[in-house]
Amino acid sequence: MIDAKEQISAVRRTLGSRVLEAGEARVLTISQVYDTGIDDLWEVVTTAERIGRWFLPVSGDLREGGHYQFEGQAGGTISRCDKPRSYAATWEFGGNVSWIEVRLTPETADRTRFELEHVAHVEDEFADQYGPGAVGVGWDSGLLGLANHLADPGAPRDSEAIAAWTVSSEGREFMRLSSEAWAEADIAAGADPERARKQAAQTYAAYTGG
């Protein structure tokens with residue numbers, strides 16, 4: 001497992017807003033550079049067999065216009081596919097619909113930046129309590145999974161080991177650092193520092209049960 005502090009510091013996080021037809025939405029963007037070429041990273045993030053090794057098992061028709069479903073998580077429709085640069089999809093979970101876009105950008109021949117943008121209308125009560133970390137910690141965990149997969153591409157996803165790590169001291173430290181990193185991104189975007197850090201503490205407590 002990759003060191004929690006190293007992983008948190010390797011990730012870039014930004015927050016913004018966008019006006020959609022239904023009103024203002026929060027835009028969360030997370031990215032990391034990985035030591036692989038763009039064609040390999042495209043396969044990693046678009047094929048069911050590779051996705052299942054670093055994120056969650058996924059089923060459905062993984063092409064433009066197709067519907068996908070992550071096991072026990074979100075599903076949606078793939079609205080655009082521009083191989084090997086980007087794809088966009090709806091992200092439907094718990095009766096809510098938001099939107100994601102994944103972008104791959106070569107840094108060198110064998111290093112590629114993965115960037116994910118998540119656009120969502122956020123309920124005021126939920127946002128007031130948790131801030132962006134409520135979603136951001138989950139995406140941080142996804143990028144950690146991606147880093148671990150690329151460090152050992154042939155290894156299967158070990159659900160038991162992941163569950164054990166999540167409740168370990170290192171797993172809890174990762175969630176604390178992620179929560180705090182999203183608070184700092186929120187502050188950089190103009191949020192009140194005291195409020196943002198309080199939300200981070202509440203997000204950490206929600207993820208760890210304490």
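Below is a summary of the structure that appears in this document. The numbering scheme is per chain: residues are counted from 1 as the chain's sequence reads. In keeping with the predicted nature of the model, local features appear solely for residues at pLDDT of at least 70, side-chain atom pairs appear and are counted solely at 80 or more, and the whole-chain, interface and lining totals rest on all residues. Side-chain measures were taken over the full set of non-hydrogen atoms in the model, leaving aside hydrogen atoms and water.

## Things to note about the layout of surface pockets
Within this model, the second largest pocket holds a volume of roughly 380 Å³. Within this scheme a cavity is a closed region of a 1 Å grid, computed over the protein atoms alone, that accommodates a 1.4 Å probe without allowing it to escape, whereas a pocket is open but has protein on both sides within 12 Å along at least five of seven lines; lining residues each have an atom within 4 Å of a point. Val45, Thr46, Ile51, Phe70 and Tyr87 are, among the 25 residues lining the second largest pocket, the residues nearest its centre. Listing elements by their share of the lining of the second largest pocket, those giving two or more residues are α2 (38-46), α3 (48-54), β4 (67-70), β5 (75-82), β6 (86-93), β7 (96-108), β8 (111-120) and α5 (133-151). Each residue receives one of three labels: charged for Asp, Glu, Lys and Arg, nonpolar for Ala, Val, Leu, Ile, Met, Phe, Trp, Tyr, Cys and Pro, and polar for the others, Gly being one of them. For the lining of the second largest pocket, the per-class residue count stands at 20 nonpolar, two polar and three charged. Grid points are joined across faces, edges and corners, and a volume is the space filled by probe spheres set on the points. Secondary structure elements follow DSSP: runs of H or I of four or more residues count as helices, runs of E of two or more count as strands, with numbering from the N terminus.

## Overview of the pairing of β7
We call two strands paired when DSSP finds no fewer than two bridges between them. Across eight bridges, the pairing between β6 and β7 is antiparallel. Across the sheet, tryptophan 91 pairs through a bridge with serine 98, a residue of β7. Between the antiparallel neighbours β6 and β7 lie two residues, among them glycine 94 with a positive phi of about 60°. Relative to β8, β7 is paired through nine bridges, and the arrangement is antiparallel. Among the inter-strand pairings, glutamate 101 is bridged to a residue of β8, identified as glutamate 117. With antiparallel pairing between neighbouring strands as the criterion, β7 and β8 make up a hairpin whose turn holds two residues.

## Quick word on the packing of aromatic side chains
In summary, the pairing rule links any two rings of Phe, Tyr or Trp, Trp by its six-membered ring, whose centres are within 6.5 Å, and it sorts them by plane angle into stacked for under 30 degrees, edge-to-face for over 60 and tilted for everything else. This model, assessed by the stated rule, comprises eight aromatic pairs. Measuring from ring centre to ring centre gives 4.9 Å for phenylalanine 55 and phenylalanine 70, while their planes differ by 80°; the resulting arrangement is edge-to-face. Here the residue phenylalanine 55 occupies a position in the loop between α3 and β3 (58-60), and phenylalanine 70 occupies one in strand β4, the gap between them amounting to 15 residues. Categorising residues by exposure relies on relative accessible area from a 1.4 Å probe, with only protein chains included: less than 20% of the type maximum marks a residue as buried, more than 50% marks it as exposed, and the intermediate range marks it as partly exposed. The buried category is assigned to phenylalanine 55, whose relative accessible area is 16%. Every member of this aromatic cluster is reached through a ring pair, and the members are Trp54, Phe55, Tyr68, Phe70, Trp91 and Trp139. Lysine and arginine charges are scored as sitting over a ring when NZ or CZ, respectively, is within 6 Å of the ring centre and within 35 degrees of the ring normal. The ring of tryptophan 182 has arginine 13 sitting right over it, with the charged end atom 6.0 Å from the ring centre.

## Thoughts on the pattern of salt bridges
When their charged atoms lie close together, side chains carrying opposite charge are able to pair. Think of a salt bridge as a Lys or Arg side-chain nitrogen and an Asp or Glu carboxyl oxygen that are within 4 Å of each other. Overall, the coordinates contain 16 salt bridges when judged by the stated rule. Close ionic contact of glutamate 173 with arginine 176 constitutes a salt bridge, the shortest N to O distance being 2.7 Å. Of this pair, glutamate 173 and arginine 176 are both found in helix α7 (residues 169-188), three residues apart, which corresponds to roughly one turn of the helix. Overlapping salt bridges bring together Arg18, Arg80, Glu101, Arg103, Glu115 and Glu117 as one network.

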